[in-house]
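# An overview of the molecular structure
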Amino acid sequence: MTLGATPSQDLGGRLNYQKLLQMSPVHHPLMATALESVVRGAKVLRDRFQTTLHIETKGLANFVTEADFGSEREIVKPIRDCYPAHAIISEESHSDRADAKDLWIIDPLDGTSNFMHGIPHFAISVAYYRDGQAELGIVTNPIRDDWYVAVRGQGAWHNGVRQRVDAVDRIDAAMIACGFYYDRDRMMQATLDTIGDFFRNNIHGMRRYGAAALDLCNVGCGQYGLFFEYKLHPWDYAAGQLFLAEAGGQTTDCNGLPLPLDQSSSICATNGHLHRQSLEIIEPHWKRLCEG
Ligand code: IPD
Ligand code: CA
Ligand code: CA
């Protein structure tokens, strides 16, 4: 892994967040704390991956493991130590006010289902917002040692390389990704119907990898032209939407409105060129879903 230009092999231990900081191509006063948090969480996930886990059920097909909690504890600790007055929204156990001046939004394990099934595609997502504006976002896949870092006004960086969205401006030239919320009823059907319509528009393909934070970064890296899902939470997209914005893309809900920080939302995230066309395909299904 590298945040800067030095190859990862030279790191001599990927857990040293101070080295990561030195190599970072972007700068922010809170970067050291953010990196320390993510590095600590990443160690928990690497250590617990493919081990026997205690698993609890949150809802239909929605699980939480001791790794989610362990990662969250490690991520939150440096933030609490350095900035005790800052608010934290974190999926498993922190729900401060979203309108706080200084706000951290954390998903300690995005892609729990993949993690549980031994699939090495999951992430930690940590974002820092000031006065409601995204300042800093880090998404990492701890197994691949992949780092997606963005700071407002300083670009989107993947392993030390600046990223731009795909230039594709036609749906029939795009690779697309989607997500399924934990629903096996009308929302699932609406998602399937939307996928059908995308295919009828001759897309190159549809991918569903199971970690929304990474999906958003993959749009920013130009791999997908767009990503949509009918329900996500702020911790799923808080960091990824900054990454995508800094890479030149656009993120809205399925009505074309900005994403909220205080509640769940639908999401349409694109390279910008495909946004209007994507919403046109998504909107009828989304509207029917909302009308009940
Ligand atoms: C989930 C993943 C998945 C998405 C779900 C999310 P979790 O997050 O991002 O890709 O389809 O809607 O809830 O629960 O693994 O943190
Ligand atoms: Ca998540
Ligand atoms: Ca999670």
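For the structure, check the block above.
Let me begin by describing the structure that accompanies this report. (Residues numbered from 1 in each chain as written. Chains lettered and ligands numbered in written order. Predicted model: local features only at pLDDT ≥ 70, side-chain atom pairs only at ≥ 80, totals over all residues.)

## Here's the deal with the site of ligand 1
Here is the rule we go by: To decide whether a residue is near a molecule or strand, its C-beta atom is placed from the backbone and checked for lying within 6 Å of it. Under the DSSP-based scheme used, a helix requires at least four consecutive residues in state H or I and a strand at least two consecutive residues in state E, with every element numbered from the N terminus. Nonpolar residues are Ala, Val, Leu, Ile, Met, Phe, Trp, Tyr, Cys and Pro. Charged residues are Asp, Glu, Lys and Arg, and all others, Gly as well, are polar. An automatic or database domain assignment is the source of the domain bounds shown.
By nearness alone, 13 residues border ligand 1, and Asp110, Thr112, Gly179, Gly210 and Ala212 come closest of all. Mapped by element, the contributors of at least two residues to the shell around ligand 1 are strand 5 (102-110) and strand 13 (226-232). Here the shell around ligand 1 is composed, by residue class, of five nonpolar, four polar and four charged. Of the domains in this structure, domain 1 (8-162) and domain 2 (171-291) are the two that each give at least three residues to the shell around ligand 1.

## Concerning the environment of glycine 210
Condition: Every C-beta atom is placed from the backbone, and the number of other C-beta atoms within 10 Å of a residue's own sets its class: buried at 20 or more, exposed at 12 or fewer, partly exposed in between. Any two residues are considered in contact once their C-beta atoms, placed from the backbone, lie within 7 Å.
Assignment of secondary structure puts glycine 210 in the loop between strand 12 (205-207) and helix 6 (212-220). Overall, glycine 210 belongs to the partly exposed group, with 19 C-beta atoms counted inside 10 Å. Taking the C-alpha atoms as reference points, glycine 210 and arginine 46, separated by 164 residues in sequence, lie 18 Å from one another. Leaving out residues up to four positions away in the same chain, glycine 210 has contacts with Gly111, Ser113, Asn114 and His121.

## Some thoughts on helix 3 (residues 66-82)
Owing to its 3.6 residues per turn, the α-helix aligns residues three or four sequence positions apart on the same side. How we decide: Between the first and last residue of a helix there are one fewer steps than residues, each counted as 1.5 Å, and that sum is the expected span. Bend at a given residue is defined as the angle between two axes, one fitted to the seven residues that end at that position and one fitted to the seven that begin there.
Spanning 17 residues, helix 3 covers 25 Å between terminal C-alpha atoms, matching the ideal 24 Å at 1.5 Å per step. The largest bend in helix 3 amounts to roughly 25° and is located at valine 76, with the proline proline 78 lying one to four residues further along. Of all the residues in helix 3, the buried ones are Ala67, Asp68, Gly70, Ser71, Glu72, Glu74, Ile75, Val76 and Ile79.

## Considerations on the nonpolar core
The line we're drawing: To define a nonpolar core, we join buried Ala, Val, Leu, Ile, Met, Phe, Trp, Tyr and Cys residues through C-beta atoms within 7 Å and take the resulting set.
Ile105, Val126, Ala127, Leu216, Leu226 and Phe243 are the most contacted members of the largest nonpolar core, which totals 83 residues. Both of domain 1 (8-162) and domain 2 (171-291) provide at least three residues apiece to this core. When neighbours within four sequence positions are excluded, valine 126 is seen to be in contact with Ala34, Ser37, Val38, Ile75, Trp104, Ile106, Ile138 and Ala239.

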